[in-house]
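Observations on chain architecture
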Amino acid sequence: MNEQQAQAFKQDKAGYAFSRSFSQPTLYTINLNGQKSAFYTLETIPDEAPAIEISKPKEYTEIRLGEPQRVSLQAKLSDDYGIREANMIATVAKGTGEAVKFREEKMKLNLSGNSRSYSINQTLDLQKLGMSFGDELYFYLQAWDNHRGYTRSETFLCRLKTLPS
């Protein structure tokens, strides 16, 4: 702030308050009853994009005949401004060759924690997603923070292995 941008403080029950957003570092002084304070520096900290860390499953998971058709999803989401929204985009690929059909679905995540750091621990039931042996599931997680940040994870693949021919 500079001399031309004088800002008034507002009195409340706890004392005086002042609120303004800053995008760059600046110097300021406080003028109280005609007395100016020393100059103070106001530093700004840039917003970071949300962080997504997936610990399970591996980037490529193959499920064989006889194994449960479920995949455990464990991840952590964090952000300096707090997570506003997060979900999974899941695409099921059915069929082979030119007959492959894709179906995309946005899935809600079971978030537990506070707005700045969430843990995800849920099971994906591949049968409930309409998958059968030979099908593939591609998915990624995405998150938005309470400011302007967005990020998405790498794409993960879960494949229901077919019997050898």
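See the structure above.
As a starting point, this report considers the structure included with it. In this text the structure is predicted, and so the values were computed from the model without any measurement.

Calculation criteria
Residues numbered from 1 in each chain as written. Predicted model: local features only at pLDDT ≥ 70, side-chain atom pairs only at ≥ 80, totals over all residues. Heavy atoms only, no water. Core = buried A, V, L, I, M, F, W, Y, C linked by side-chain atoms within 4.5 Å. Buried < 20%, exposed > 50% of the residue type's maximum accessible area, 1.4 Å probe, protein only. Helix = DSSP H or I, 4+ residues; strand = E, 2+ residues; numbered from the N terminus. Contact = heavy atoms within 4.5 Å. Patch = residues over 30% accessible without salt bridge, like charges linked within 9 Å, V, L, I, M, F, W, Y side chains within 5 Å. Areas by Shrake-Rupley, 256 points an atom, 1.4 Å probe, with all protein chains shown as cover. Salt bridge = Lys/Arg side-chain N within 4 Å of Asp/Glu carboxyl O. Pairing = 2+ DSSP bridges. Axes fitted to C-alpha atoms, helices over the stretch in contact; angles between N-to-C directions.

**Quick notes on the nonpolar core**
- With 27 residues, the main nonpolar core has Leu-73, Met-88, Leu-126, Leu-137, Phe-139 and Leu-141 as its most contacted residues.
- Only β7 (51-56), β9 (70-78), β10 (83-94), β13 (117-125), β14 (136-145) and β16 (156-160) provide two or more residues apiece to this core.
- With five residues, β10 is the largest single contributor of residues to this core.
- Not counting residues up to four positions away in its chain, the partners in contact with Leu-141 are Ile-52, Ile-54, Leu-73, Ala-75, Asn-87, Met-88, Leu-109, Ile-120, Thr-151, Arg-152 and Ser-153.

**A few points about a nonpolar patch on the surface**
- A surface patch of nonpolar side chains, amounting to about 520 Å² of accessible area, comprises Phe-9, Tyr-16, Phe-18, Ile-30 and Leu-32.
- With respect to the secondary-structure elements, Phe-9 resides in the segment before β1 (10-12).

**Things to note about the sheet that holds β7**
- The strand order across the open sheet formed by four strands is β7-β9-β13-β12, and the pairing between neighbours is antiparallel. In the strand order of this sheet, the two ends are held by β7 and β12 (111-114), each with one partner. On average, adjacent strands in this sheet sit at an angle of 15 degrees to one another, irrespective of strand direction.
- Direction of pairing for β9 relative to β13: antiparallel, over a ladder of nine bridges. Bridge pairing in β13 places Lys-76 opposite Ser-119.

**A closer look at the environment of Gly-149**
- Here Gly-149 is to be found in the loop between β14 and β15 (150-152).
- On the basis of relative accessibility, which here comes to 9%, the residue Gly-149 falls in the buried class.
- Through-space distance from the C-alpha of Gly-149 to that of Pro-50 is 6.4 Å; in sequence the pair is 99 residues apart.
- Discounting chain neighbours no more than four positions away, the residues touching Gly-149 are Asp-47, Pro-50, Ala-143 and Trp-144.

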